Structures are given as structure tokens and as C-alpha cells.
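Report on the structure
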Amino acid sequence: MAGDTIILLIGSRGSGKTSFVKFAGGIGVDPSPTTACRAYGIEGKSFSSFTVIDTPGLDDLPSGNLAILKDIAQTLVTLGSPKVTGAIFFHRITDTRLGGSARSHLDIFRNLCGDGFAEQAAFVTTMWNTIGRSGLQKYQLLESELRVKHFSIGPGGNASFRFGNSRVSAVEVLEHFADRPARRQLLFAEEVTRFGSSLSGMRKTSAGVAVMRKSGGGKCVIL
Ligand SMILES: Nc1nc2c(ncn2[C@@H]2O[C@H](COP(=O)(O)OP(=O)(O)OP(=O)(O)O)[C@@H](O)[C@H]2O)c(=O)[nH]1
Ligand SMILES: [Mg+2]
């Protein structure tokens with residue numbers, strides 16, 4: 001698998017992660033809902049190669065999200081416990097209410113990234129091409145609000161992109177990561193090295209703690 005820079009894709013179900021990989025040039029991309037993590041090598045003219053890890057859409061249930069964390073951890077172990085130096089959160093701009101599950105997914109994303117990772121993270125809003133001209137202003141305002149109030153994982157400022165459902169748009173997002181000094185490693189990848197990739201290991205990671213917080217203080221059906 002080519003690609004020194006490894007980027008993790010995170011988001012709710014149907015937020016556009018796999019479509020992004022398809023437009024970015026991933027080979028053998030399955031357009032149906034993603035049920036397991038998969039790493040894709042992406043080559044580009046304007047950047048050296050990347051490895052992008054596509055993940056299943058985050059769930060509403062803590063048990064489902066812990067299983068996704070375990071899958072991500074095992075994918076990292078299979079890849080040889082690489083350094084993950086980029087992460088992207090996907091959000092459908094047409095999801096106008098940032099309800100409980102979207103907030104908890106953002107919380108999981110922040111905890112996967114860890115402190116000091118803001119410059120290496122990006123937020124991508126999708127479904128812009130489904131919005132007619134008359135509705136555009138409303139969604140532009142919503143996007144500004146999301147950027148100011150929610151699309152932050154800490155000091156340093158996060159990049160935010162509108163995905164235009166095209167190769168050009170996917171490349172624009174990837175170029176952001178191309179010349180970025182990889183100062184830090186994704187916190188979750190460090191924690192997998194420390195705690196392992198079992199379900200009990202997942203509960204010790206910051207993202208696992210964020211998942212369990214949603215379950216109301218440590219009760220989780222599958223454990
Ligand atoms: N029109 C439009 N459709 C999109 C866009 N992004 C994704 N879609 C469509 O939305 C559906 C879900 O997209 P996916 O890329 O599979 O979403 P996902 O985040 O990988 O979904 P899960 O794997 O279930 O988590 C597919 O039918 C896509 O073709 C977009 O920007 N515009
Ligand atoms: Mg998918």
C-alpha cells in the first residue's frame with residue numbers, strides 16, 4: 001500500500017466518505033454502505049501518494065461505535081501500526097439540525113484526533129450539488145455557523161471544504177494535506193499501540209471514553 005501520509009475518514013452514515021474516495025481515485029471502491037474499514041492508495045499529479053482509510057458511518061449506539069473503533073484499530077495494526085497524520089470529518093450540509101448523534105460523532109472525532117492536531121484535521125461538507133440556487137444562501141449561513149461553533153478540534157484553526165462531488169474537489173482537499181508538516185500523530189493511533197486493538201483496549205482510548213460517555217456512564221450492551 002503506497003502512501004506515507006495516512007488520512008482517516010470519519011462521519012455519520014451516508015455523509016459521503018466513500019464517494020470522496022471514489023472521486024479521489026480509489027481503485028475498487030464499493031459505492032454501497034460501508035460495513036468495514038478499508039485502506040485505499042491514492043495517487044495524484046499534484047501530490048505524492050496517500051493512504052486513505054474509509055470507515056463505516058458512525059452509529060447512534062455506543063456498541064456499534066466501539067465496534068467501528070476496533071475495526072479502525074485492527075486496520076492500523078494490519079497496515080503495520082503506521083503513523084496517521086491526517087483526519088477528515090464529513091458532514092452533509094443538508095443535515096440542518098445538528099442533533100445529538102451528530103454532536104456525539106463530532107465529539108468522537110475530536111477524541112480520535114487529540115490535542116494539537118487541528119492543523120492536520122479538516123471538515124468536509126457534502127451534498128452541495130443537491131442545493132438549488134435559491135437555497136444556497138441559507139446553507140452558506142449554516143456552513144459559517146458550523147465552522148464557528150462546531151468544526152473545531154482545538155486551537156490552531158481547522159480547514160473546512162465544500163465537497164463538489166468531483167475529482168477536482170477531492171484533489172483540492174487532499175492537496176491540503178500534501179505540504180502539511182506532520183507534526184503530530186493521531187492520538188487514537190498512539191493509543192492503539194499502547195492499549196491494543198481489542199474491545200477492552202478500545203474502552204481505554206479517548207475516543208472509546210467519548211463513545212461510552214454517550215452510553216450513560218459505562219454501560220454498554222455488547223461488553
Ligand atoms: N448529490 C450528492 N450525492 C452524494 C454526495 N456525497 C455522497 N452522495 C451520495 O450519497 C450516498 C451516500 O454516500 P456515501 O459516499 O456512500 O456515504 P458514506 O459516508 O460512505 O456512507 P456509509 O458508508 O454508509 O457511512 C450515495 O448514494 C452517494 O452517491 C454529494 O456530495 N452529492
Ligand atoms: Mg461508505
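The structure presented is a predicted model; accordingly, all values stated were derived computationally and were not measured.

**Details of the coordination of the magnesium ion (ligand 2)**
Octahedral metals with six donors have ideal donor angles of 90 or 180 degrees. Tetrahedral metals with four donors have an ideal donor angle of 109.5 degrees. All of the protein donors around the magnesium ion (ligand 2) are Thr-18 (OG1) and Thr-34 (OG1); their distances to the metal are 2.0 Å. Residue Thr-18 is found in helix α1 (residues 17–24), and its partner Thr-34 is found in the loop between α1 and β2 (38–42); the two are separated by 16 residues along the sequence.

**Topic: helix α3 (residues 100–113)**
Its 14 residues give α3 an end-to-end C-alpha distance of 20 Å, which sits within 8% of 20 Å, the value for a rise of 1.5 Å per residue. Residues of α3 that are buried include every one of Ala-102, Ser-104, His-105, Leu-106, Ile-108, Phe-109, Asn-111, Leu-112 and Cys-113, and no others. Positive phi shows up at Gly-114, right after α3, with a value of about 85°.

**As for the pairing of strand β1 (residues 5–11)**
Burial of β1 is extensive: 6 of the 7 residues sit out of reach of the surface. By the bridge criterion, 4 bridges tie β1 to strand β3 (residues 50–54) in an arrangement that is parallel. Note that in β3 the partner of Ile-7 across the bridge is Val-52. One ladder, built from 5 bridges, connects β1 with strand β4 (residues 86–92); its direction is parallel. Residue Ile-7 lies in a different strand from β4, and its bridge partner there is Gly-86.

**Some remarks on the packing of α1 against helix α5 (residues 167–178)**
Where α1 meets α5, the closest approach of the two axes is 8 Å, and the angle between their N-to-C directions is 100°. In this view, α1 runs roughly perpendicular relative to α5, as classed from their interaxial angle. On α5, the residues touching Phe-20, Phe-23 and Ala-24 of α1 are Arg-167, Ala-170, Val-173 and Leu-174. Class assignment of the residues belonging to the contact of α1 with α5 gives a composition of 6 nonpolar, no polar and 1 charged.

Cut-offs and rules
- Residues numbered from 1 in each chain as written.
- Chains lettered and ligands numbered in written order.
- Predicted model: local features only at pLDDT ≥ 70, side-chain atom pairs only at ≥ 80, totals over all residues.
- Heavy atoms only, no water.
- Donors = N, O, S within 2.8 Å, 3.2 Å for Na, K, Ca; no water.
- Helix = DSSP H or I, 4+ residues; strand = E, 2+ residues; numbered from the N terminus.
- Expected span 1.5 Å × (residues − 1).
- Buried < 20%, exposed > 50% of the residue type's maximum accessible area, 1.4 Å probe, protein only.
- Pairing = 2+ DSSP bridges.
- Axes fitted to C-alpha atoms, helices over the stretch in contact; angles between N-to-C directions.
- Parallel < 35°, antiparallel > 145°, perpendicular 65-115°, else oblique.
- Contact = heavy atoms within 4.5 Å.
- Nonpolar A, V, L, I, M, F, W, Y, C, P; charged D, E, K, R; others polar.

That's the geometry; what it means functionally is another story.
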